[in-house]
Amino acid sequence: MMYSIAGRRGLTIRRMMVVSVAASMGVVVRSFPFSACNNNNNNVQNGILLSNNDNLLLQGQRTLFSSTTTTTTALNMVRTRGLEKTVEGATPKEGGMTLYLKAGPDGSSVGDCPFAHAVRLVLEEKGLDYTVQPTTPESKPDWLIDHYDGKMPALRHRKECYVESSVIMEYLDFFFTSPEMKPKDRNAAEAVLEGFFPAVAQYLKDTTDDEEKLTELRSKLDALEHHLTPSNDDNKVPFVGGGYDNMSLLDCRLIPQLYHLVTASREYHNGIPNLQEDYPNIWKYYLKVTARPSFETTVYPEETVLWGWGNARSSN
């Protein structure tokens, strides 16, 4: 899928709900559309996410996307935070998407953020047209700072904006269903990936050869290696989300993290751990997924990865 890098644009904020906020809380309310469609009913209700509570945000997106009949549950969840009810809006359509993400070292190229990379993989796998907007702290548009705390990646879809990579990915999969990217065995896959990237990050930032950090990373890799054990006769490794045909959202989340690990460990830790030698299932999986057009289209240079981790290591 072709994408372009756009110039800086403004945004007209459109509110699609009626809310009241408890004055003592001081929270900012975000509109987050989710479908409550039944049969041929194309109306869409709007859920609510709070920007000052990441846990609620993640719980909210899981609740909102788990079923088309969770409107009452979602609203009850946020009413306890002093929020009221929503009004109906339009079902999102393709087009008009701009992804704001961290810029590279030159300030204009795509940067090294693995979470933004995960969102781009979903966009590419679904064949959606979008524009990439690399953004520095100095070039962030005012609306992104004022209304979304400057968080990136941020997907602007026409006049609406969504932040948090996991929320963006679920949003895309919910409204643009071809191909469907829900994991076949979400619980098992999420259990394997829990704490994976923190272990990667702690290891790559380490400048003291801390054996505990390597041990923690290896424990995560051992679990992933077992999870990717081939279950068929041709010895093909499955996707992390299950099955052999289509990538899932969790694959899109994992593969940029593996790309960072492979690239930066070679530079900063003498190639340890060696996935090819020590984790053959992970290595087969890595080669399989990085050969997909979606990855080839969205990958940024290894030098950009090293630039990012070099900055992290110097400030650690």
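Up top is the structure.
Description of the structure in this document. Position labels on residues start from 1 in each chain and follow its written sequence. At least 70 in pLDDT is required for a residue's local features to be given in this predicted model, at least 80 for side-chain atom pairs to be given and counted, and no such filter applies to totals for whole chains, interfaces and linings, which use all residues. Computation of side-chain values covers all heavy atoms of the structure but excludes hydrogens and water.

### Notes on the overall build of the protein chain
Reasoning step 1: Summing up its helical and strand segments, the protein chain has 13 helices and 7 strands in all.
Reasoning step 2: Residue exposure (1.4 Å probe, protein chains only): buried if accessible area is under 20% of the type maximum, exposed if over 50%, otherwise partly exposed. Buried residues in the protein chain amount to 51% of all 316 residues.
Reasoning step 3: Any two residues whose heavy atoms approach within 4.5 Å are treated as being in contact. Within the protein chain, residue pairs in contact and separated by at least 24 positions form 72% of the contacts whose partners lie at least 6 positions apart.
Reasoning step 4: Carbon and sulfur atoms provide 47% of the accessible area of the protein chain, an area that totals close to 14,700 Å². Here a helix means four or more residues in a row that DSSP labels H or I, a strand means two or more in a row labelled E, and each is numbered from the N terminus. Working definition of accessibility: Shrake-Rupley area with a 1.4 Å probe, residue cover restricted to the visible protein chains.

### Focus on the pattern of salt bridges
Reasoning step 1: Should a side-chain nitrogen of Lys or Arg be within 4 Å of a carboxyl oxygen of Asp or Glu, the pair is scored as a salt bridge. For the coordinates displayed, the defined rule picks out 11 salt bridges.
Reasoning step 2: Between E170 and R186 there is a salt bridge, and its shortest N-O distance comes to 2.4 Å. Here E170, found in helix α5 (residues 165-175), pairs with R186, found in helix α6 (residues 186-193); they are 16 residues apart in sequence, far enough to count as distant.
Reasoning step 3: The residue R266 makes a salt bridge to E302 at a minimum N-O spacing of 3.5 Å. With R266 in helix α9 (residues 249-268) and E302 in helix α13 (residues 302-314), this residue pair connects regions lying 36 residues apart in the sequence.
Reasoning step 4: According to the relative accessible area criterion, R266 is partly exposed, its value standing at 45%.

### A word on empty space enclosed by the protein
Reasoning step 1: Two kinds of site are reported from a 1 Å grid over the protein atoms alone, namely cavities, where a 1.4 Å probe fits but cannot get out, and pockets, open sets with protein on both sides within 12 Å along at least five of seven lines, and residues are called lining when an atom falls within 4 Å of a point. Grid points are joined across faces, edges and corners, and a volume is the space filled by probe spheres set on the points. Summed over all chains, the structure comprises 2 cavities of 30 Å³ or more.
Reasoning step 2: If you add up the space inside the second largest cavity, you get close to 30 Å³.
Reasoning step 3: The wall of the second largest cavity is formed by L101, K102, V110, G111, C113, A116, H117, R120 and Y300.
Reasoning step 4: Of all the elements in the fold, those that place two or more residues in the lining of the second largest cavity are β4 (97-102) and α3 (114-125).
Reasoning step 5: By residue number, the principal contributor to the lining of the second largest cavity is α3, which donates 3 residues.
Reasoning step 6: Amino acids are sorted into nonpolar (Ala, Val, Leu, Ile, Met, Phe, Trp, Tyr, Cys and Pro), charged (Asp, Glu, Lys and Arg) and polar (every other residue, Gly among them). Among the residues forming the lining of the second largest cavity, the class breakdown is 5 nonpolar, 2 polar and 2 charged.

### Quick look at the pairing of strand β6 (residues 154-157)
Reasoning step 1: The alternating pattern of β6 places A154 and R156 and L155 and H157 on opposite faces, both of which are buried.
Reasoning step 2: Direction of pairing for β4 relative to β6: antiparallel, over a ladder of 4 bridges. Bridging from a neighbouring strand, Y100 pairs with A154 of β6.
Reasoning step 3: Here a strand pair is declared whenever DSSP counts at least two bridges between the two strands. Bridge count for β6 against strand β7 (residues 160-163) is 4 bridges, and the pairing is antiparallel.

### Quick notes on the environment of W283
Reasoning step 1: Its place among the elements puts W283 in helix α11 (residues 280-290).
Reasoning step 2: For W283, the contacting residues outside a window of four places in its chain are V262, L275 and Q276.

### Some words on the nonpolar core
Reasoning step 1: Buried Ala, Val, Leu, Ile, Met, Phe, Trp, Tyr and Cys residues form a nonpolar core when they are joined through side-chain atoms within 4.5 Å. L172, L224, L258 and Y285 are the most contacted members of the largest nonpolar core, which totals 64 residues.
Reasoning step 2: Apart from the residues within four sequence positions on either side, L258 is in contact with F196, L275, I282, Y285 and Y286.
Reasoning step 3: Counting 7 residues, the second-largest nonpolar core is a separate cluster that includes L144, Y148, A154 and V163.

### Digging into the packing of aromatic side chains
Reasoning step 1: Each Phe, Tyr or Trp ring (for Trp, its six-membered ring) is paired with any other whose centre lies within 6.5 Å, and the angle between the two planes then decides the class: stacked below 30 degrees, edge-to-face above 60, tilted in between. Tallied over the entire structure, the rule returns 10 aromatic pairs.
Reasoning step 2: Summarising the aromatic geometry, the rings of Y162 and Y171 are spaced 4.3 Å apart at their centres and angled 25° between planes, so their arrangement reads as stacked.
Reasoning step 3: What makes Y171 buried here is its relative accessible area of 1%.
Reasoning step 4: A ring pair is formed by W283 and Y286, whose centres lie 5.5 Å apart and whose planes are at 25°; its orientation type is stacked. Taken together, the residues span about one helical turn, with W283 and Y286 both in helix α11 at a distance of 3 residues. Assigned by exposure class, W283 and Y286 land together as buried.
Reasoning step 5: The rings of Y162, Y171, F174 and F175 are connected pair by pair, giving a single aromatic cluster.
Reasoning step 6: Two limits define a charge over a ring: the Lys NZ or Arg CZ must be within 6 Å of the ring centre, and within 35 degrees of the ring normal. Across the ring face of F239, the terminal group of K288 is positioned such that the distance to the ring centre comes to 3.9 Å.

### Some details on the side chain of T298
Reasoning step 1: Relative to the elements of secondary structure, T298 occurs in helix α12 (residues 293-298).
Reasoning step 2: Polar contacts here mean pairs of N or O atoms no more than 3.5 Å apart (in protein, one a potential hydrogen donor and the other a potential acceptor; neighbouring residues in sequence count only if both atoms are side-chain atoms). There is a polar contact of 2.8 Å between the side chain of T298 and the backbone oxygen of S294.
Reasoning step 3: If we ignore the near neighbours within four places in the chain, the residues touching T298 are H117, R120, L121, E124 and Y130.

### Notes on α11
Reasoning step 1: Looking only at α11, the buried set comprises N281, I282, W283, Y285, Y286, V289 and T290.
Reasoning step 2: Lining the buried residues of α11 we find α8 (211-227), α9, α10 (275-278) and α12.

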